[in-house]
Amino acid sequence: MYDPARELFSTRRMPDGSRVRIGVDDAIDEIVAKLRDVIARHGPDSVAMYVGTASSKSVPLIPLSDSFLEAIGATRGWSANTLDQPGKQIAHGLHGYWMAPSQSFDNPEVILWIGINPAMTYTGLPCGSPKVFMRDQLRKGTRIIMIDPRAHDTARRCTMHIQPRPGHDVAIMAGLIRIILSEKLHDQAFVAENVEGLDALRAAVEPFTPALVAERADIAAEDLVKVARIFAQAKRGYVVAGTGPSMGTAQGTLFEYLVLALDTICGHYLRAGEEVITPGTLEPVPAFKAQAHGPIQAFGYGPRLRFRGFTDTLGGLPVSAMAEEILTPGEGQVRALFVVGGNPATAVTDQLQMLEALGSLELLVTTDIQMSATAKLSHYNIAPTMHLETAAIRGDKPPTGYANSYAGSLAPFAHYTPALVEPPPGSDVIEEWELYYRMAQRMGVQLRLNPMRYYTTSPPPKIRREPPAIDMTGAPTTDDIIALMTARARIPLDEVKRHPSGALFPPDTPVIVQPKDAGWTEKFDLGNPLMMRDLAEAFETIDVARDLAEGHAFRLMCRRQHQLNSSLQIPAVDRGKPGNPAYMHSTDMARLGIADGDLVEISSSRSAIPAVAMTDDELRPGTVSMAQCFGDTPEFDDRVREIGSCTNRLLWNDRVYERYSGQPLMSNVPVNVKPIIKTGPAYAEPV
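Now for a description of the structure that goes with this document. (Residues numbered from 1 in each chain as written. Predicted model: local features only at pLDDT ≥ 70, side-chain atom pairs only at ≥ 80, totals over all residues. Heavy atoms only, no water.)

Looking now at the sheet that holds strand β21 (residues 503-504). Taken together, three strands build an open sheet; the order of strands is β18-β20-β21 and the sheet is antiparallel. Across the chains shown, the open sheet's two edge strands, defined by having one partner strand only, are β18 (392-395) and β21. Note that strand β20 (residues 413-417) and β21 share two bridges and pair antiparallel. The residue of β21 that forms the bridge with Phe413 is Leu504. (Pairing = 2+ DSSP bridges. Helix = DSSP H or I, 4+ residues; strand = E, 2+ residues; numbered from the N terminus.)

This is the structure we're talking about:
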């Protein structure tokens, strides 16, 4: 079950770039000494953290690593969320929150998916089997609509599929809202009671006529009208978008704001008297009420970065400025970086700039099971446990806004699993959270069970409780911390542990959405001035990538694959297809004289990468589709058939980007493609 390339011992990088084995305790002693020195010379804000997606494999990791950063006085914690869909959280803050669940997965009559492939991402639908959920919904008569430039397998299973030109998602959303409002198909009673700013929204979407949207997106106007009518006339439903629209428009906040507006004008929220089917198991149950919580500050607070006016946001601190914060001298320059469950050397945009930045650090610490591109650059890589070597929990969280937050559950489920296997004999590994606990002990600082702070999915609580303190005198176990995390849960952890395979834990009394509080006046805001300004700009800007497009014949699109991304690439799940091929339509490949398995060079205005070409007639001609976060640093390009290509090398951080989250254009990127011929075993076809 163990990858032979797995790191079983911690290592230190030597001045000549070689690595030597070091004991965990010795490594932590050295890290703390160097960290103290960095803080003494540059101050605590010279220390920062990057959190990647693999952080989820250790339940206590994010709370304790974040608490460590806070305890030493550092303020900059970046996460991969601002490379994904940070506009979701920022838009929610600008729009407001419903204080009960959305209808979402609870008997929808219509589902609208935009730029997402749920069968690959397991988001946009409930936990479990995506194909079974789709099958069951279609049998019930649910109409499932897909808007995506790719005609993938999930799209073919839908009731209706629209295949637009990439990069026109904002126009499509505005066009749908315009049709619904102009035909008065919206839930007028719900809107009158719970919404303000409708007139401003109506005026802002007016220019987005079906004919104009159809021309820009290269779709049929009658299809757009049909989708709007189907969606609005259904009594229950939801809309959810994937990474495509956020990565491919540089307008992620505006797009997600329109997604929320579409659900809101159609009234897709549970009302007073309706039952909440997943009220939470391993968390306390909130008081669900049929009322809107108005907008909150969505950006412009917390740490202020030195570049492009960026601040902290509800979606997190813009990671696209992290390299500049490391490279640029002056007050606030980052000199020490801790990487938590991530691989920024391949995952963060503009790889060339990021590699320069990581190589300039005085202290870079990673915890990785393999020598990833980032781990190879680190001064210390602490060898961690793997998934099955540590305890874990899974519950259904209270589903406020959960359809717009990617996933949820259809039942009140909870599961605790102890560590199922021991690490290999003779190995020297620790669970990742232990690194931050032991450093805190040595530095004499108190850790607390901090809530997630790298992005925000709900309005702030009325009563702020100080996070529980961690016992710093002994050596708590993962179980000890999980028990502390679930101390206020609806279902006691000991009860969950009594069910080794997990179980359903329905409440003794149904949890019902309560009526609006007497005198409650807060409402959703559908006319936020910034969003209305951005929508007017979107009308004038036909192609956000136009400044990068000159001389480039193709558009590079993002996609998902069955393999896990740069944080965890495991041969056992790649289905015999390592790496991330460059998929193209057969007509484009024929025109360029390219066949499946040929090597091609993909170039942008920033750089170029090699890739393995593969046919995919699900694509629109003129597009190239590749998964992100594969490959390694440029010196390993000759292993492209084995490890894939780093598409982030093609991207700029500061040319076309989202103004709130800093998310650069990561899809819909202008590129050229040409065949390349290289010899040698590294470039040979696999046997």
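This next bit is on helix α5 (residues 130-140). Restricting attention to buried positions, one finds in α5 the residues Pro130, Phe133, Met134 and Gln137. For α5, the angular spread of the buried residues around the axis is 95°, confining them to a single face. Those residues of α5 that are buried lie in contact with β6 (110-114), α4 (118-121), β7 (125-126), β8 (143-147), α6 (153-157) and β11 (237-241). In the stretch just after α5, Gly141 is the one whose phi turns positive, near 100°. (Buried < 20%, exposed > 50% of the residue type's maximum accessible area, 1.4 Å probe, protein only. Arc of directions from axis to C-beta. Contact = heavy atoms within 4.5 Å.)

As a further point, take the pattern of salt bridges. If charged atoms from side chains of opposite charge come close, those side chains can pair. Taken as a whole and judged by the stated rule, the model has 43 salt bridges. The salt bridge partner of Arg591 is Asp588, with a shortest N-O separation of 3.3 Å. A residue pair is termed a helical-turn pair when its members lie 3 or 4 positions apart in one helix, as Arg591 and Asp588 do in helix α23 (residues 586-592) at three residues. Here the salt bridges do not stand alone but share partners, grouping Lys131, Arg150, Asp153, Arg156, Arg157, Arg559, Asp616 and Glu618 into one network. (Salt bridge = Lys/Arg side-chain N within 4 Å of Asp/Glu carboxyl O.)

A few words now on the packing of helix α2 (residues 61-71) against helix α18 (residues 432-443). Packing of α2 against α18 brings their axes to within 8 Å, and their N-to-C directions diverge by 30°. On the basis of their axis angle, the class for α2 and α18 is roughly parallel. Crossing geometry of α2 relative to α18 is assigned as left-handed. Between α2, through Leu61, Leu64, Ser65 and Phe68, and α18, the contact on the second element is made entirely by Glu432, Trp433, Tyr436, Met439, Ala440 and Met443. (Axes fitted to C-alpha atoms, helices over the stretch in contact; angles between N-to-C directions. Parallel < 35°, antiparallel > 145°, perpendicular 65-115°, else oblique. Left-handed = near helix turned anticlockwise from the far one by under 90°.)

It is worth spelling out helix α19 (residues 478-485) at this point. Along α19, the positions that sit buried rather than exposed are Thr478, Ile481 and Ile482. Burial along α19 is one-sided: seen end-on, the buried residues are contained in an arc of 100°. Residues of α19 that are buried in the fold lie against α2, β18, α18 and α20 (493-497).

Our focus in this paragraph is the side chain of Asp263. Tracing the chain through its elements places Asp263 in helix α13 (residues 252-265). No salt bridge is formed by the buried Asp263; the nearest opposite charge belongs to Arg271, separated by 10 Å. A distance of 3.4 Å separates the side chain of Asp263 from the backbone nitrogen of Val239, its partner in a polar contact. The contacts of Asp263, once residues within four sequence positions are left out, are Phe231, Gly237, Tyr238, Val239, His268 and Tyr269. (Lys, Arg positive; Asp, Glu negative; His and termini not counted. Polar contact = N/O pair within 3.5 Å; in protein donor to acceptor, adjacent residues only side chain to side chain.)

What follows concerns the sheet that holds strand β26 (residues 608-615). Taken in spatial order, the six strands close into a barrel running β23-β27-β24-β26-β25-β28, and their pairing is mixed. When strand polarity is set aside, the average angle formed by the axes of neighbouring strands in this sheet is 45°. Pairing between strand β23 (residues 554-559) and strand β28 (residues 669-675): three bridges, direction antiparallel. For Arg555, the partnering residue across the bridge sits in β28 and is Pro670.

Across all of its chains, the model carries 14 aromatic pairs by this definition. Note on Phe208 and Phe539: the rings are 5.5 Å apart at their centroids and 80° apart in plane angle, and the pair reads as edge-to-face. With Phe208 in the loop between α9 (198-205) and α10 (210-217) and Phe539 in helix α21 (residues 529-540), this residue pair connects regions lying 331 residues apart in the sequence. Of the residues examined, Phe208 reaches a relative accessible area of 0% and is grouped as buried. On the basis of an interplanar angle of 65° and a centroid distance of 6.0 Å, the ring pair of Phe338 and Tyr436 is categorised as edge-to-face. Placement of the pair is Phe338 in strand β15 (residues 336-340) and Tyr436 in helix α18, with a sequence separation of 98 residues. In this structure, Phe338 and Tyr436 share a single accessibility class: buried. (Phe/Tyr/Trp six-rings, centres within 6.5 Å; stacked < 30°, edge-to-face > 60°.)

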